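The chain contents come next:
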Amino acid sequence: MTRRLTFAANWKMHHGPLAARAFIDRFLELVPPREGRELWVFPPAASLHVVADAARSRADVKPGAQNVYWEPKGAFTGELSVPIAREAGARGGLVGHSERRHVFGETDEDTRRKVLALLDGGLTPLLCVGEKLAERDEGRTEDVVLRQLRAGLGGLDPERVSRVMIAYEPVWAIGTGRNATPRDAAAVHAVIRAELGRLGATGRSTILYGGSVNLGNALSLLAEEELDGVLVGGASLEADAWAELVGIGA
Ligand code: PEP
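The sections below set out a description of the structure shown in this document. (Residues numbered from 1 in each chain as written. Predicted model: local features only at pLDDT ≥ 70, side-chain atom pairs only at ≥ 80, totals over all residues. Heavy atoms only, no water.)

### Things to note about the packing of aromatic side chains
Moving on, step 1. Counted according to the given criterion, the structure contains six aromatic pairs.
Moving on, step 2. These aromatic residues form a ring-pair network of at least three members: Trp11, Phe23 and Phe27.
Moving on, step 3. Taking NZ or CZ as reference, arginine 100 lies 4.2 Å from the ring centre of phenylalanine 104, over its face. (Phe/Tyr/Trp six-rings, centres within 6.5 Å; stacked < 30°, edge-to-face > 60°. Lys NZ or Arg CZ within 6 Å of the ring centre and 35° of its normal.)

### Concerning the nonpolar core
Nonpolar side chains in soluble globular proteins tend to be buried together.
Moving on, step 1. The biggest cluster of nonpolar side chains holds 68 residues, and the ones touching the most others in it are Phe7, Phe27 and Ile192.
Moving on, step 2. No other element matches helix H9 (residues 182-198), which puts six residues into this core.
Moving on, step 3. Contact partners of phenylalanine 7, with chain neighbours within four places excluded, come to Arg37, Glu38, Leu39, Trp40, Leu222, Val230, Trp242, Leu245, Val246 and Ile248.
Moving on, step 4. Counting residues in each nonpolar core, the second largest holds ten residues, with Trp40, Met165, Leu208 and Leu231 among its members. (Core = buried A, V, L, I, M, F, W, Y, C linked by side-chain atoms within 4.5 Å. Buried < 20%, exposed > 50% of the residue type's maximum accessible area, 1.4 Å probe, protein only. Helix = DSSP H or I, 4+ residues; strand = E, 2+ residues; numbered from the N terminus. Contact = heavy atoms within 4.5 Å.)

### Concerning the sheet that holds strand E3 (residues 61-65)
Moving on, step 1. Taken in spatial order, the eight strands close into a barrel running E1-E2-E3-E4-E5-E6-E7-E8, and their pairing is parallel. Recorded for the sheet is a direction-independent mean angle of 25 degrees between the axes of neighbouring strands.
Moving on, step 2. With four bridges connecting them, strand E4 (residues 92-95) and strand E5 (residues 124-129) associate as parallel partners. Its bridge partner lying in E5, leucine 94 is registered against leucine 126.
Moving on, step 3. In the packing of H9 onto the sheet, the strands contacted are E5, strand E6 (165-168) and strand E7 (207-210), and the crossing angle to E7 comes to about 150 degrees. (Pairing = 2+ DSSP bridges. Axes fitted to C-alpha atoms, helices over the stretch in contact; angles between N-to-C directions.)

### Details of helix H7 (residues 141-152)
Moving on, step 1. For H7, which comprises twelve residues, the first-to-last C-alpha distance of 16 Å matches the rise-based estimate of 16 Å (1.5 Å per residue) to within 8%.
Moving on, step 2. The inward-facing, buried residues of H7 abut helix H4 (98-102), helix H5 (108-120), E5, helix H6 (133-137), E6 and H9. (Expected span 1.5 Å × (residues − 1).)

### Remarks on the site of the ligand
Moving on, step 1. Around the ligand sit 14 residues, and of these Lys12, Glu169, Gly175, Ser212 and Gly233 come closest.
Moving on, step 2. Within the side chain of histidine 97, a nitrogen or oxygen atom sits 2.8 Å from an oxygen atom of the ligand.
Moving on, step 3. Between the ligand and glycine 175, the relevant distance is 2.6 Å, taken from an oxygen atom to a main-chain nitrogen or oxygen of the residue.
Moving on, step 4. Protein chains bury 96% of the 290 Å² of accessible surface belonging to the ligand in isolation.
Moving on, step 5. A breakdown of the residues in the shell around the ligand according to their chemical character gives four nonpolar, eight polar and two charged. (Near = heavy atom within 4 Å. Polar contact = N/O pair within 3.5 Å; in protein donor to acceptor, adjacent residues only side chain to side chain. Areas by Shrake-Rupley, 256 points an atom, 1.4 Å probe, with all protein chains shown as cover. Nonpolar A, V, L, I, M, F, W, Y, C, P; charged D, E, K, R; others polar.)

### Overview of the pairing of E7
Moving on, step 1. Along E7, one buried face is formed by Ile207 and Tyr209 and the opposite face, lined by Leu208 and Gly210, is buried too.
Moving on, step 2. Where E6 meets E7, three bridges bridge the pair, whose relative direction is parallel. Its bridge partner lying in E7, isoleucine 166 is registered against isoleucine 207.
Moving on, step 3. Each parallel crossover has a hand, and the one from E6 via H9 to E7 is right-handed.
Moving on, step 4. Judged from the two bridges that link them, E7 and strand E8 (residues 229-232) form a sheet pairing that is parallel. In the sheet register, glycine 210 faces E8, and the bridge partner there is leucine 231. (Right-handed = clockwise from strand over helix to strand, strands pointing away.)

### Observations concerning the pattern of salt bridges
Moving on, step 1. The full count for this structure, using the stated rule, is 25 salt bridges.
Moving on, step 2. The salt bridge involving glutamate 225 is made with arginine 3; its shortest N-O contact spans 3.9 Å. Here arginine 3 lies in the segment before strand E1 (5-10) and glutamate 225 lies in the loop between helix H10 (218-222) and E8, a separation of 222 residues in the sequence.
Moving on, step 3. When its relative accessible area of 29% is taken as the criterion, arginine 3 is described as partly exposed.
Moving on, step 4. Put simply, aspartate 108 and arginine 101 hold a salt bridge, and the shortest N to O gap is 3.0 Å.
Moving on, step 5. When its relative accessible area of 19% is taken as the criterion, aspartate 108 is described as buried.
Moving on, step 6. Salt bridges linked by common partners bring Arg193, Arg204, Glu226 and Asp228 together as one network. (Salt bridge = Lys/Arg side-chain N within 4 Å of Asp/Glu carboxyl O.)

So, in structure tokens, the structure goes:
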């Protein structure tokens, strides 16, 4: 059986509509659909519809929102609702990315509401969890990750828990050029997978690793069967390089 792998590109605050169009046209030209590979792209909100339109004929390419608000509509200036993200072509949304948590103060309770809103709106949440360096040094990685996981998935029934994707992204590895060793990453993934099982997940949940993944280290990370794919920031910004990365292991 082909091993299923998910590659997710988080463009953060890069690539407006024009650059997004050029990227996605080039990327689709370079990367044919491949059995068992799912390719998510999380562009800035203003570029979401461009990516969605360009990838309309590609079921393997899934656009997602980098962030959503939990209310479906109303007086919330500057926020992106799930229904609007969906209308723009989003199939899912990031929740609890470390920059949302640590730059914008997103709380565990916020992540729970966002996960719920995405599920209610028929979109797939990609819930990000991960410890800070001090927490790792204090031996609290598991505690932090499990707290974030239980909070983000709090009160969901097993069917809904099964629809959530998780990204394990140690905060100290994001955008820093440092990453967890494949073995360390796999160990945390195993802890997450066991907890998802306790929360009722059926089937194999998708758990991605993120944190300075690039062409030089992706293969050794993905050699760990615990990793179902990767969530990538910096190394996903250039179409040719990203095309090469999502084609590894061919
Ligand atoms: C991210 O934004 O989720 C990320 C992992 O970024 P980078 O690959 O640049 O560390």
